[in-house]
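# Close look at the chain arrangement
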Amino acid sequence: MPTPTAAVDLPEPLPEDTRALAEQIVSRASGSEAAADNRIEVLLDSTENFPAWQAAIASACHSIDIEMYIFTNNAFGRQIRDLLIEKQQQGVQVRLVYDWFGSVWAHYRGFFRPLRAAGAVVVAYNRPSLVGGIGLISRNHRKSIVIDGHTAFVSGLCISSAWCGDAAKGVAPWRDTGVKLTGPIVQQVSDAFADTLQSQQNSASHTARYSRCHPHSPRHSGTAQARIVATTPDNGNMMRLDLNAVTLAQENLWITDAYFMPTRLYTQALINAAQAGVDVRLLVPRTSDIRWIGNVSRTQYRSLLEAGVRVFEWNGSMIHAKTAIVDGRWARVGSTNLNLSSWAINRELDVSIEDSATVARLTAVFADDLQHATEVVLNQAQQAELKQRRQKHKQGFKRGSTNALAQRLLQLGHVFDGSIYGTRIVDKDEAQAYLSIGIGLLLLAALLWFLPQLVVYPLLLLLVMSGLATTWSAIKRLRQCRRNPPPIKENDPLA
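In this model, aspartate 45 sits at a positive phi of 60°, which is unusual for a non-glycine residue. Checked against the element boundaries, aspartate 45 lands in helix α2 (residues 45–59). With a relative accessible area of 4%, aspartate 45 lands in the buried category. Here aspartate 327, not a glycine, exhibits a phi torsion of approximately 55°, which is positive. The topology assignment puts aspartate 327 in the loop between β12 (323–326) and β13 (330–334).

Here it is in structure tokens:
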């Protein structure tokens, strides 16, 4: 897609006490401290991200660290793999963590063997094992690249030609967003990568090799403040930050999400924000590579629309970006989707951006995306009722100094103006979604009636693996206690 351009009108700085409170909330919710003096470059789609990745990898002198959910054996995947082999042979230490499930076909077809043979550290995250237990459902959904410890990329894109589309089949490239980072924040990306290595059983040697291969510390390279939010199954950092972002929004909250299946807690937070007068807009795919998620998402539109949230569906082949923008002052970009899997089960990586210029750039991108989307709306009678309720609510409600750029681009004053985007009534889409889900449940019930072992056998396997994992963990702890008994205090009367 073309790069959006717009005049940048930055919002007025927040008062000191308000800024301090917001910093405290974001810091405690994300579990990460802000890093200053960074440079952030927004990269759109495969047309900007992929060439930037290739150029950075080719320029590496010391180390290349990649954490990637999907690494596919297709044209772009082979280009990156061969480039990594070349760099490893030149003496650059290459370390790659790929997700076993996300890259399952490449894993079992030996795609990574040449890279290992060249001397690279290649780790499959959470590959199946008898002692893995229920923890095996956790996936490494991160997408990050670190070059020589001084340049990092964080995005929603994977190493796969799927993001380039297929011109021969008439499939347009996927819409996605990433960032290029330089400055002190790169160390936080490196720390997240080291933590993933540490989480794997064979991590000791990898972590040691990792620590020796960063001869240069990240240098100050700009004026942007940001922080890395590294979500793991143990912390749920991004879920807390997403909820707090909704709370902090005073005027505008604009969200792009690829697989929208939030918890009721988050949905209600959006509803409450919209009812309080915040301009909440949600951009999601019309067609998805995981179709059933789209059907589930549509069953949640009505409650959002009735509260005044505006919902848009992307007209292209797939929008895979995961971004949020609050009041022209804060944004996030990364791998986390608004669903329980991303929030509570997976390893995810996002950049929390507190830089007005970068946020203004992302606002312009969001505005341009809406020009390629269709708005989902209530029927005419319901629209009129909602409009009347909102007008009553606005009486006596005085807004602050709204971001002028956002006002101009998004036409905040015309809540039901569909002349720009085009509209589609929610009723039919909602009915079709429920119909698809209902038929699917009936088919599943029929299948399980005739083949109950489809549920029994996997459940038995999961119970056995969980039992083995728990027993093995207990045995290891008992052995450790026997090897390292607690010291006896000198003043202990039983000594």
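It is worth spelling out the packing of aromatic side chains at this point. A complete count under the given rule lists 12 aromatic pairs for this structure. Between phenylalanine 50 and tryptophan 53, the ring centres sit 5.2 Å apart and the planes meet at 50°, which makes this aromatic pair tilted. Of this pair, phenylalanine 50 and tryptophan 53 are both found in helix α2, 3 residues apart, which corresponds to roughly one turn of the helix. Neither phenylalanine 50 nor tryptophan 53 differs from the other in exposure class; each is buried. Between the aromatic rings of phenylalanine 71 and phenylalanine 111, the centroid separation amounts to 5.5 Å while the plane-to-plane angle is 55°, which identifies the pairing as tilted. Taken together, the positions of phenylalanine 71 in the loop between β2 (63–68) and α3 (75–89) and phenylalanine 111 in the loop between α4 (104–108) and α5 (113–117) put the pair 40 residues apart, joining distant regions of the chain. In this structure, phenylalanine 71 and phenylalanine 111 share a single accessibility class: buried.

The subject of this paragraph is the environment of valine 376. Within the secondary structure, valine 376 sits in strand β15 (residues 373–377). Classification of valine 376 by relative accessible area gives buried; the value is 0%. Separated by 71 residues in sequence, valine 376 and leucine 305 place their C-alpha atoms 8.4 Å apart.

Conventions used here
- Residues numbered from 1 in each chain as written.
- Predicted model: local features only at pLDDT ≥ 70, side-chain atom pairs only at ≥ 80, totals over all residues.
- Heavy atoms only, no water.
- Helix = DSSP H or I, 4+ residues; strand = E, 2+ residues; numbered from the N terminus.
- Buried < 20%, exposed > 50% of the residue type's maximum accessible area, 1.4 Å probe, protein only.
- Phe/Tyr/Trp six-rings, centres within 6.5 Å; stacked < 30°, edge-to-face > 60°.

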